[in-house]
Amino acid sequence: VTLYAVWKANSYTVTFNTDGGSAVQSQTVVYNGKATRPVSDPEKVGYTFKGWFEGEVEYDFDNAVTADIELTAKWEINTYTVTFNAGEGQFSYDSIQNDQKTIELEVQYGGNAYEALYKLVNFKIIAPEDYIVEGFEVVGGSYSSMFYVTKELNVNITYSKTEVIVYMLGLDGT
């Protein structure tokens, strides 16, 4: 009787931690085999996928797998341009004079555009003569979208005409 040894290569699990993104299925890889880059990148609202990392190093899918590993998705938060339009008025702040008609601010996903606007040093909205600032109108969105930015925004400053009421009193108080 001749006995032969039969060896079976160990298998290892490659786990994909999406850090809040859409799920990616784990892979089972035989010893010295290679993990396969997932066909689709995961998605995460408000973020751009930057790659799969093992610790702080981007994973090289040409590496041989010799143990269980966890790869973690790296994300970059999206930044959106919020454009404020003064219309007939003007903006004034730190480094500009009273001729600025638009201000473009870069606001991160979930950021507050209204707060970013008022963080400009010495910021003012200068209404046209005989008008006062009434508010903000978000084009194609709601006022609240300025407080939690999820896309590019255009915001118009609105004005209302001031009314002057003159009271004439006689010397006798009437």
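A brief structural summary. (Residues numbered from 1 in each chain as written. Predicted model: local features only at pLDDT ≥ 70, side-chain atom pairs only at ≥ 80, totals over all residues. Heavy atoms only, no water.)

## Looking at the overall build of the chain
Now for step 1: Counting its secondary structure elements, the chain contains one helix and twelve strands.
Now for step 2: Mapped from its N terminus to its C terminus, the chain presents α and β elements in the order β-β-β-β-β-β-β-β-β-α-β-β-β.
Now for step 3: Taking 2.2 N^0.38 as the reference for a compact globule, 174 residues should give roughly 16 Å; the C-alpha atoms of the chain span a radius of gyration of 30 Å, well beyond that estimate.
Now for step 4: Along the three orthogonal principal directions, the C-alpha set of the chain runs to about 135 × 35 × 25 Å. (Helix = DSSP H or I, 4+ residues; strand = E, 2+ residues; numbered from the N terminus. Rg over C-alpha atoms; globule rule 2.2 N^0.38 Å.)

## Notes on the pattern of salt bridges
Now for step 1: Within the structure shown, the criterion is met by one salt bridge.
Now for step 2: With a shortest N-O distance of 3.7 Å, Lys119 and Glu115 are connected by a salt bridge. (Salt bridge = Lys/Arg side-chain N within 4 Å of Asp/Glu carboxyl O.)

## Notes on the packing of aromatic side chains
Now for step 1: Here the structure, examined in full by the defined rule, presents 14 aromatic pairs.
Now for step 2: Ring centres of Tyr59 and Phe61 lie 5.0 Å apart, and the angle between their planes is 85°; this geometry places the pair in the edge-to-face category. Each of the two residues, Tyr59 as well as Phe61, counts as buried.
Now for step 3: Where Tyr114 meets Tyr118, the ring centres are 5.0 Å apart and the plane angle is 50°; that geometry is what we call tilted. Here Tyr114 pairs with Tyr118, and both are found in helix α1 (residues 113-118), just four residues apart, close to one helical turn.
Now for step 4: Among the aromatic side chains, those forming a connected cluster through ring pairs are Phe84, Phe91, Tyr114, Tyr118, Phe123, Phe136, Tyr143 and Phe147.
Now for step 5: Sitting over the face of the ring of Tyr47, Lys44 holds its NZ or CZ atom 4.6 Å from the ring centroid. (Phe/Tyr/Trp six-rings, centres within 6.5 Å; stacked < 30°, edge-to-face > 60°. Buried < 20%, exposed > 50% of the residue type's maximum accessible area, 1.4 Å probe, protein only. Lys NZ or Arg CZ within 6 Å of the ring centre and 35° of its normal.)

## Considerations on the sheet that holds strand β12 (residues 153-161)
Now for step 1: Reading across the sheet, the four strands line up as β9-β6-β12-β11 and stay open at both edges, with mixed pairing between neighbours. Either end of the sheet is taken by a strand with one partner, and the two such strands are β9 (102-108) and β11 (131-138). Going from strand to strand, the sheet's axes swing by 25° on average, the running direction of each strand aside.
Now for step 2: By the bridge criterion, four bridges tie strand β6 (residues 79-85) to β12 in an arrangement that is parallel. (Pairing = 2+ DSSP bridges. Axes fitted to C-alpha atoms, helices over the stretch in contact; angles between N-to-C directions.)

## Digging into the environment of Thr162
Now for step 1: Mapped onto the secondary structure, Thr162 falls in the segment after β12.
Now for step 2: Not counting residues within four places of it along the chain, the set of residues in contact with Thr162 comprises Asp130, Tyr131 and Ile132. (Contact = heavy atoms within 4.5 Å.)

## What about the sheet that holds strand β5 (residues 69-77)?
Now for step 1: Strands sit in the order β2-β1-β5-β3-β4 across an open sheet of five strands; the sheet is mixed. Both edges of this open sheet fall to β2 (27-30) and β4 (57-58), since each of them pairs with a single strand only.
Now for step 2: Pairing of strand β1 (residues 11-17) with β5, which is carried by four bridges, proceeds in the parallel orientation. Following the sheet pairing, Thr15 is matched in β5 by Glu70.

## A closer look at the pairing of β1
Side-chain direction in a regular strand flips from residue to residue, so the side chains alternate between the two faces of the sheet.
Now for step 1: Only one face of β1 is buried: it carries Tyr12, Val14 and Phe16, and the other face, with Ser11, Thr13, Thr15 and Asn17, is open.
Now for step 2: Pairing between β1 and β2: four bridges, direction antiparallel. Each residue of the ladder has a partner; that of Thr13, found in β2, is Thr28.

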